[in-house]
Each structure stands twice: as structure tokens, then as C-alpha cells.
Amino acid sequence: MKQVISKVAITCAAFLLSCSVMASYDEAKTQVDASIKDMIAVVDKYHDQQNPNEDELAKDIAAIVDRDVDFTYISSWVMGKYYRQATEEQRAKFAVVFKQTLIKTYAKSLVGFDIKEYSISPPTSPSPEDDKQIVTVDVTSGDGTVYTLVNYMVKTDEHWKLVNVIMNGINFRITFKNQFSDLMQRNSYDVGKVVDAWQSQINPPATQG
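Residues numbered from 1 in each chain as written. Predicted model: local features only at pLDDT ≥ 70, side-chain atom pairs only at ≥ 80, totals over all residues. Heavy atoms only, no water.

### Focus on the pairing of strand E3 (residues 146–156)
Relative to E3, strand E2 (residues 132–141) is paired through nine bridges, and the arrangement is antiparallel. Across the sheet, the residue bridging to Lys132 is Val154, located in E3. Here E2 hands over to E3 after four residues, with Gly144 in that stretch at a positive phi of 95°. Two elements, E3 and strand E4 (residues 159–167), share eight bridges in a ladder whose sense is antiparallel. From the neighbouring strand, Thr156 faces E4, where its bridge partner is His159. Where E3 hands over to E4, the hairpin turn is made up of two residues, of which Asp157 adopts a positive phi near 55°. (Pairing = 2+ DSSP bridges. Helix = DSSP H or I, 4+ residues; strand = E, 2+ residues; numbered from the N terminus.)

The structure is reproduced here in C-alpha cells:
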């Protein structure tokens, strides 16, 4: 009898855990879906403009990524082993600079990009951690090209946020990490110089003419 009760208890626990995992995935999926819809709205807003206002475009994109992307998490990962040697000020500055990088990347890639449709694929297997989920999205462009976006989501403070994206096999977080490491080598392993160099790449100084 005790064995039967034990099996029932284990079964119930497994069922409840499964429900919890699926609920977490559904939350992450809903957040990704909302982000995509908001980005499509931005694309539609500026799509037919030959010379869109860059400041307004950046403002619209910033409103979305500020809400849905964990810049502190990603920037610390991008800094990698050099994160520990950085000061608090340098870490905070790079998080801001990295956000500017992402906003400019989105702005350049989204404007003029014709999104025909998108679909969110069901998970291949449940995540072992409720607060970490992977949401895969297939985006079809106007010319029929399909882009597969693998979104890595983490739940912080009751809100799901993006911490990495893999697009057609290209891991954005690793790509940026390699760039940071390369800059460290070319700047005598000085974190401050690297952060300044990264910032100058996205905000080049105006030329005097």
C-alpha cells in the first residue's frame, strides 16, 4: 500500500512539475511574441520612408529593447573573463554602450526588411529550469527567405527578458564576446580603453572639414 501511495505521489509531483514548466514556457513564448509584434510595428512605421528619422527610430526600438532585453546580463557575459578586472563604473558604462550597439544593429537590419510572416515552433523538450526557456521563431521575409531565431529567455523580477539570440546558426552573444576579446588584445588588455574603443565604433567622432 505504501508503495502504491509513493508511486501516486511521485506521479502527481511529476505532473505538477510538467505543468509548471509548460506554464513558464508559455509565459516566455508570450513575451517573445509581443516583442516581435512590436518590432513589426516599428518596421511598418518606417518601411516606406526613404530617409527615416534616425533619432525617432532609435527611440522606438529603445522602448522595446529596454523592456525585453537584459543588457546587464549580456554585457557581463560579453566581457567574459575580463568582467572581474573591470571596475563597477566600467561595467555600467559598457552595459550602456552595448545597449547602443544593439539598438543601432536593430535599426540597420529592420528598416527595409520585409517581414511576410513568422511562426513560433513548439519546444523540442522541456527546460530543466523554470526560469530559463528557449523560444524558436521562424521569420519569413518578402522574398521567401526563412530566418530561424533561437531566443534564450531568462525570467528576472517576474519579467521574461532576452539574454541571447542565435540566427541561422550565428550566436550573437559569442560573436560580441569574440569582438570584445579581440579589442582587449589590441588595447593592451585595458578594459577602459576597450570600452572607449567600442563606443567610438558605434559613435565615431565627427570629422572636421
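Don't stop here, the text continues.
### What to know about the pattern of salt bridges
Working definition: two side chains of opposite charge can pair if their charged atoms are close together. This model, assessed by the stated rule, comprises eleven salt bridges. Across the pair Lys99 and Asp66 runs a salt bridge whose closest N-O atoms are separated by 3.1 Å. With Lys99 in helix H4 (residues 88–110) and Asp66 in helix H2 (residues 54–68), the pair connects residues that are 33 residues apart, well separated along the chain. Note on Asp66: relative accessible area 37%, which makes it partly exposed. With a shortest N-O distance of 3.1 Å, Glu88 and Arg91 are connected by a salt bridge. Separated by three residues within a single helix, Glu88 and Arg91 lie in helix H4, roughly one turn from each other. Residue classification places Arg91 among the buried residues on the basis of a relative accessible area of 17%. Through salt bridges with shared partners, a single network forms among Glu27, Lys155 and Glu158. (Salt bridge = Lys/Arg side-chain N within 4 Å of Asp/Glu carboxyl O. Buried < 20%, exposed > 50% of the residue type's maximum accessible area, 1.4 Å probe, protein only.)

### Examining the nonpolar core
The tendency in soluble globular proteins is for nonpolar side chains to be buried side by side. Among the nonpolar cores identified, the biggest contains 48 residues, and Ile61, Val78, Phe94, Phe98, Val135, Phe180 and Trp198 are the most heavily contacted of them. Per-element tally for this core: the top contributor is helix H1 (residues 2–46), with nine residues. When residues no more than four places from it in sequence are discounted, the contact partners of Ile61 are Met39, Val42, Ile103, Tyr106 and Ala107. (Core = buried A, V, L, I, M, F, W, Y, C linked by side-chain atoms within 4.5 Å. Contact = heavy atoms within 4.5 Å.)

### Side note on the side chain of Ser127
Structurally, the position occupied by Ser127 is in the loop between strand E1 (115–120) and E2. Polar side-chain contacts of Ser127 include one of 2.5 Å to the backbone oxygen of Lys132. (Polar contact = N/O pair within 3.5 Å; in protein donor to acceptor, adjacent residues only side chain to side chain.)

### Description of the packing of aromatic side chains
Tallied over the full model, the rule gives nine aromatic pairs. Judged by centre distance (6.4 Å) and plane angle (40°), the rings of Tyr82 and Phe180 are tilted. With a gap of 98 residues between them, Tyr82 in the loop between helix H3 (71–79) and H4 and Phe180 in helix H5 (residues 172–186) connect regions that are remote in the sequence. Looking at Phe180, the relative accessible area reads 0%, which means it is buried. Site record: aromatic cluster; members linked through ring pairs are Tyr82, Phe94, Phe98, Phe176, Phe180, Tyr189 and Trp198. Between Arg91 and the ring centre of Tyr83, over which it is positioned, the NZ or CZ distance is 4.0 Å. (Phe/Tyr/Trp six-rings, centres within 6.5 Å; stacked < 30°, edge-to-face > 60°. Lys NZ or Arg CZ within 6 Å of the ring centre and 35° of its normal.)

### A few points about the packing of H2 against H4
H4 packs onto H2 with a crossing angle of 120° between their chain directions and a minimal axis gap of 9 Å. Comparing their axes, H4 and H2 come out oblique. By crossing handedness, the relation of H2 to H4 is classed as right-handed. In this structure, H2 uses Leu57, Ala58, Ile61, Ala62, Val65 and Asp66 to contact H4, whose residues at the interface are Lys99, Ile103, Tyr106 and Ala107. (Axes fitted to C-alpha atoms, helices over the stretch in contact; angles between N-to-C directions. Parallel < 35°, antiparallel > 145°, perpendicular 65-115°, else oblique. Left-handed = near helix turned anticlockwise from the far one by under 90°.)

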